[in-house]
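In case you want the letters, here they are:
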Amino acid sequence: MNMSATETLYPLHNGIGNMVRALFPESAFFINGLLGLIAVVILTSTLAAVLILLERKVSAHFQVRLGPMRVGFHGILQPLADGIKLIFKEILKPKGADSFTFYLAPMLPLTATFLIMAILPFDHHLQLADPAGGVLYVLGISGLAVLGLLLAGWSSNNKLSLLGAMRAGAQMISFEISLALIMLLIVMLSGTASLREIVLSQQGLIFDWWIFKLPFLGIISFIMYLIASTAELNRTPFDLAEGESELTAGYHTEYSGMGFAMFFFAEFVNMFISAALATTFFLGGFHAPLIGIDFIDPILNIIPGFIWFFGKTFFIVFIYMWFRWTFPRLRIDQLMSLEWKMMLPTNLLLLMMGAVFMVLGWAG
Amino acid sequence: MDSYILIGITAFIGSIFVGGTIGLAKLIAFRTPNSALKAQPFECSEPPIGGARIRFKVAYYIFALLFLIFDIETLFLFPCVKIFRAVVDGEIAGITHQLVFLELSVFICVLFTGLIYAWRKGVLVWE
């Protein structure tokens, strides 16, 4: 807890990283960077599997079913079985589809998720890279995912795909403005755009997290972030893009086998990333929820930061899944008026409110 | 700078991983003989009429244009907020908090005016 914000960041600052640093002092940066990269790739592919199983289990229990039970203990190996099935399935390409974009499209969203995973602050020094404009970087990379969906819809030579992609594009770019303005508010409050320093600015008690620190401002922007990111993820109640009763599957109608798996993986990893960003911006990232009582706080501090980070993140992931089985789907005109007539003006007002708090000196 | 080198390598490894997976799937996946039905786009099993690149609602373009305007203005707000923060923190001398707050308000009001203009013009209605 005594790390100051000015301390330089090592890619890996744990047992393995220190061992490498002791063995190869000169090339430690590169070796640790490479280890971190491998960790990010493994983490991303594992997360997709874990989240797919979690989604199926949570959905099942909401509907008083058991979900996958046959493969492994309580269906724990089900994602592996699905992966093996998907890799052996034939990749179909419809007549008239544009080859290059058809194969390029599923790769873009998943590559974008790798790029964002690389800058998430999992723990004090458990972060691969920390660009000074981290927030802008996140916004820029999430544009790449929209591009993938649009290309997929356009290249498939299928009317349903095209409509689904257009809907997804319109919805995602609309809600991206809300997301950008909420991130802007956090940048204003914490005075930095680097994700690590945003987390460090929330050091202290649970009341120093941005969600609780300022009256009403934090909690309202947190709820708006949840709404906007659910829409950005194309999840129910905003899943117009794949509305299976009207558009079969939306932009990925024509994809089979691994191409479909790529979209599916990217969707789930993006869910994790949205939750992780919510944790970073509002819930104090890797900080333990200290409540200022002398005999509880040291116990909470023993638990390592990345466990708090994953705990908070998976709680928000669970909220996304909860949304899915609670709210009915919106119509597209309702969706658009929600964003442009309610969220956007509210966002601008919140920004002004944040500026007032800054001038009053409450945000410190 | 080091951050961006690592990010560049991540992009490289990520695309190799993703491309490799699709390439592997292409190599080892089952294949069935090609037929006209197999290559037909799936539109609920009806034979498709005409090409897929049809004309669709112009509203998508209007919202895309609105997005461009507001996204660029949001990007302009980032440096504004940075300067606002620096003044409030006392890093920039010679300007009072009230004045810089007024300037930020004017900028946000201009954004608001743009939104209200679009609203009054009826662009925000999805017909």
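Residues numbered from 1 in each chain as written. Chains lettered and ligands numbered in written order. Predicted model: local features only at pLDDT ≥ 70, side-chain atom pairs only at ≥ 80, totals over all residues. Heavy atoms only, no water.

On to the overall build of chain A. Helices and strands together make up the secondary structure of chain A, namely 15 helices and zero strands. The C-alpha atoms of chain A give a radius of gyration of 21 Å, which matches the 21 Å a tight globule of 364 residues would have. When its C-alpha atoms are laid out on the principal axes, chain A stretches across 65 × 55 × 45 Å. The buried share among the 364 residues of chain A stands at 59%. A fraction of 78% describes how many contacts in chain A between residues 6 or more apart in sequence connect residues 24 or more apart. Looking at chain A as shown, the accessible area adds up to about 14,000 Å², and 73% of this sits on carbon and sulfur atoms. Seen as two clouds, the 19 positive and the 22 negative side-chain charges of chain A have centres 10 Å apart. (Helix = DSSP H or I, 4+ residues; strand = E, 2+ residues; numbered from the N terminus. Rg over C-alpha atoms; globule rule 2.2 N^0.38 Å. Buried < 20%, exposed > 50% of the residue type's maximum accessible area, 1.4 Å probe, protein only. Contact = heavy atoms within 4.5 Å. Areas by Shrake-Rupley, 256 points an atom, 1.4 Å probe, with all protein chains shown as cover. Lys, Arg positive; Asp, Glu negative; His and termini not counted. Charge placed at Lys NZ, Arg CZ, Asp CG, Glu CD.)

Another aspect to go through is the packing of aromatic side chains. Counted under the stated rule, the structure contains 22 aromatic pairs over all chains. With centroids separated by 5.7 Å and ring planes inclined at 45 degrees, the aromatic side chains of A:Phe318 and A:Trp322 adopt a geometry described as tilted. Here A:Phe318 pairs with A:Trp322, and both are found in helix H14 (residues 305–324), just four residues apart, close to one helical turn. On the basis of an interplanar angle of 50 degrees and a centroid distance of 5.7 Å, the ring pair of A:Trp340 and B:Phe63 is categorised as tilted. In this pair, A:Trp340 is assigned in helix H15 (residues 332–360) and B:Phe63 in helix H2 (residues 59–88), connecting two distinct chains. For the pair formed by A:Trp340 and B:Phe63, the shared burial category is buried. Pairwise contacts between aromatic rings join A:Phe122, A:Phe272, A:Phe309, A:Phe310 and A:Phe314 into one cluster. (Phe/Tyr/Trp six-rings, centres within 6.5 Å; stacked < 30°, edge-to-face > 60°.)

It is worth spelling out the interface of chain A and chain B at this point. On the chain B side, the residues contacting the 80 residues of chain A number 65 residues. Summing both sides of the interface, chain A and chain B together bury roughly 6,700 Å²; the carbon and sulfur share of this comes to 79%. Counting across the interface, chain A meets chain B through zero salt bridges. Between the two partners, chain A and chain B, sit six residue pairs in polar contact (both at pLDDT 80 or more). When contributions to the side of chain A that touches chain B are tallied by element, the ones reaching two or more residues are helix H2 (28–62), helix H3 (78–88), helix H5 (107–117), helix H6 (134–155), helix H7 (159–190), helix H12 (257–281) and H15 of chain A. (Buried area = accessible area lost by both parts, 1.4 Å probe. Salt bridge = Lys/Arg side-chain N within 4 Å of Asp/Glu carboxyl O. Polar contact = N/O pair within 3.5 Å; in protein donor to acceptor, adjacent residues only side chain to side chain.)

Enumeration according to the criterion identifies two cavities of 30 Å³ or more in this entry. Lining of the largest cavity is provided by 25 residues; of these, A:Ala145, A:Met172, A:Glu232, A:Leu233 and A:Asn270 occupy positions nearest its centre. Elements that contribute at least two residues to the lining of the largest cavity include exactly H5, H6, H7, helix H10 (217–232) and H12 of chain A. The biggest single contributor to the lining of the largest cavity is H12(A), with seven residues. Residue composition of the lining of the largest cavity, grouped by class: 18 nonpolar, five polar and two charged. Here the second largest cavity is characterised by a volume of approximately 40 Å³. Every residue along the wall of the second largest cavity is listed here: A:Thr44, A:Ser45, A:Ala48, A:Leu110, A:Phe114, A:Phe265, A:Val269 and B:Phe17. Residue assignment for the lining of the second largest cavity shows that the elements contributing at least two residues are H2, H5 and H12 of chain A. Residue contributions to the lining of the second largest cavity peak at three residues, all from H2(A). (1 Å grid on protein atoms, 1.4 Å probe; cavity = no way out; pocket = protein on both sides within 12 Å on 5 of 7 lines; lining within 4 Å. Points joined across faces, edges and corners; volume = space filled by probe spheres on them. Nonpolar A, V, L, I, M, F, W, Y, C, P; charged D, E, K, R; others polar.)

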